[in-house]
Amino acid sequence: MRLQDCYSFADFRELARRRLPSPIFNYIDGAADDECTYDRNTRCFEDCDLVPNVLRGVQNIDMSVEILGQKLDMPIYCSPTALQRVFHHEGENAVAAAADKYGTLFGVSSLGTVSLSDVRRRYQGPQCYQFYFHKDRELNKVMLENAKNANVDIMMLTVDTITGGNRERDLKTGFSIPFKLSLNGIFQFAVKPMWAFNYLIHEKFSLPQLDDHVDMSNGPISIGKYFTEMLDPNLNWDDVSRMVEYWDGQFCLKGIMSAEDARKAVEIGCTGIVISNHGGRQLDGSRSPFDQLSEIVDEVGDEIDVIMDSGIQRGTHVLKALSLGAKAVGGGRFYLFALAAAGQDGVERALELMKQEIERDMRLMGVSSLKELTRENVRYR
Ligand SMILES: Cc1cc2nc3c(=O)[nH]c(=O)nc-3n(C[C@H](O)[C@H](O)[C@H](O)COP(=O)(O)O)c2cc1C
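Residues numbered from 1 in each chain as written. Predicted model: local features only at pLDDT ≥ 70, side-chain atom pairs only at ≥ 80, totals over all residues.

A.B. asks: Just checking my understanding: could you explain the site of the ligand for this structure?
C.D. replies: The local shell around the ligand holds 24 residues, among which Ser79, Ala82, Ser109, Gly279 and Gly332 are the closest. Broken down by secondary-structure element, the contributors of at least two residues to the shell around the ligand are helix H2 (22-29), strand E4 (76-81) and helix H16 (333-365). Residue classes in the shell around the ligand are distributed as eight nonpolar, 13 polar and three charged. (Near = placed C-beta within 6 Å. Helix = DSSP H or I, 4+ residues; strand = E, 2+ residues; numbered from the N terminus. Nonpolar A, V, L, I, M, F, W, Y, C, P; charged D, E, K, R; others polar.)

The structure is reproduced here in structure tokens:
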């Protein structure tokens, strides 16, 4: 199977599965507990059908959107994700370059494996910094200052990870950071030699946003343990309100799921929210963002930018979310599997296919601009 054989999310996932050592594939592919929420995140789009209109002259298609003060050429962006150089040696640079080429937003994670300021210098497209709020307040201050100095467009604070989700696949495979070789890991090197070769000959693994502050010398830790031991479970609305004031720019909360919290986000001055359950990786049994979208749009849709992520695999998913009132959507695994499969070429192909799908689907829906999509375009079964 080659990159040219990939046409869908399922194809990229399969190619990634073939190329990655299994602990790494399962880290990307896995979710919390029984993975019910993960499963629902995509399945929920099937409960809602699109209702097209015809004969509307749809030669010229405009799929641009404006969110958080940035114009995006397409309505889906690359949601911030951790550890990208472990998935493919080109890591965040590949994703940033591809997002830049397609004129969409890219986010550097607090657990990113390249430096935020380096990426900002290299790529001019819209960028956000995904912030994890640590127990160490000094570290938080330095991270905020670094992001300000790097001239990042958007601060995106993730609020659904104050403790680690129960990712049982990682417990079983022993996936940890820094990626260390257990006996099983050595076996994985042997069966995936290309990945192993690239991992060894390219720049050593590091977490530039955290390296000066977080002591990893006590050995590798699981991602769940990082969240539980290092992130602040006392994080509250007052802390975030102070952060919003200090940042004094586009500020977005990622991981909002209730209309009540969306209202609070407006009250403390956030300019956007991402309705998200972290791709099902945190609270299994939590509702899916698409199921929760209308309720939140009705509460705050006129006041701040309502965005959603989790479960997006197709252009039609994007159009359904925008019909319900989302301003844009984020995706994680849709570009991560492509990155793991083929680096920058893979991410570009995933974005290109998604762009083609959205364009084709807009024509079939009878809309030439995304602003024309309304709730009249969808019906629930
Ligand atoms: C492998 C992986 C790593 C992730 N790392 C982060 C992270 O560092 N920070 C964060 O806020 N979200 C992280 N996420 C969540 C994504 O930003 C996004 O919310 C999620 O992937 C959306 O679901 P989807 O994968 O179904 O599109 C991660 C997701 C995955 C799959």
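Next comes the rest of the write-up.
A.B. asks: Where do I start with the packing of helix H5 (residues 91-101) against H16 in this structure?
C.D. replies: Two numbers describe how H5 lies on H16: the axes approach to 8 Å, and their chain directions differ by 20°. With respect to H16, the element H5 is oriented roughly parallel. Judged by the sense of rotation from one axis to the other, the crossing of H5 with H16 is left-handed. Contacts from Ala94, Val95, Ala97, Ala98 and Lys101 in H5 reach Tyr335, Leu339, Gly343, Gln344, Val347, Glu348 and Leu351 in H16. The residue makeup of the contact of H5 with H16, split by class, is eight nonpolar, two polar and two charged. (Axes fitted to C-alpha atoms, helices over the stretch in contact; angles between N-to-C directions. Parallel < 35°, antiparallel > 145°, perpendicular 65-115°, else oblique. Left-handed = near helix turned anticlockwise from the far one by under 90°. Contact = placed C-beta atoms within 7 Å.)

A.B. asks: Can you help me understand the pairing of strand E7 (residues 154-158) in this one?
C.D. replies: Note on strand geometry: in a regular strand, side chains alternate between the two faces of the sheet. Among the five residues in E7, five count as buried, and that is most of the element. Side chains of E7 alternate between two faces, with Ile154, Met156 and Thr158 and Met155 and Leu157 buried alike. In this sheet, E7 lies alongside strand E6 (residues 127-131) in parallel orientation, the contact comprising four bridges. Directly across from Phe131, in E7, lies its bridge partner Leu157. (Buried ≥ 20, exposed ≤ 12 C-beta atoms within 10 Å, placed from the backbone. Pairing = 2+ DSSP bridges.)

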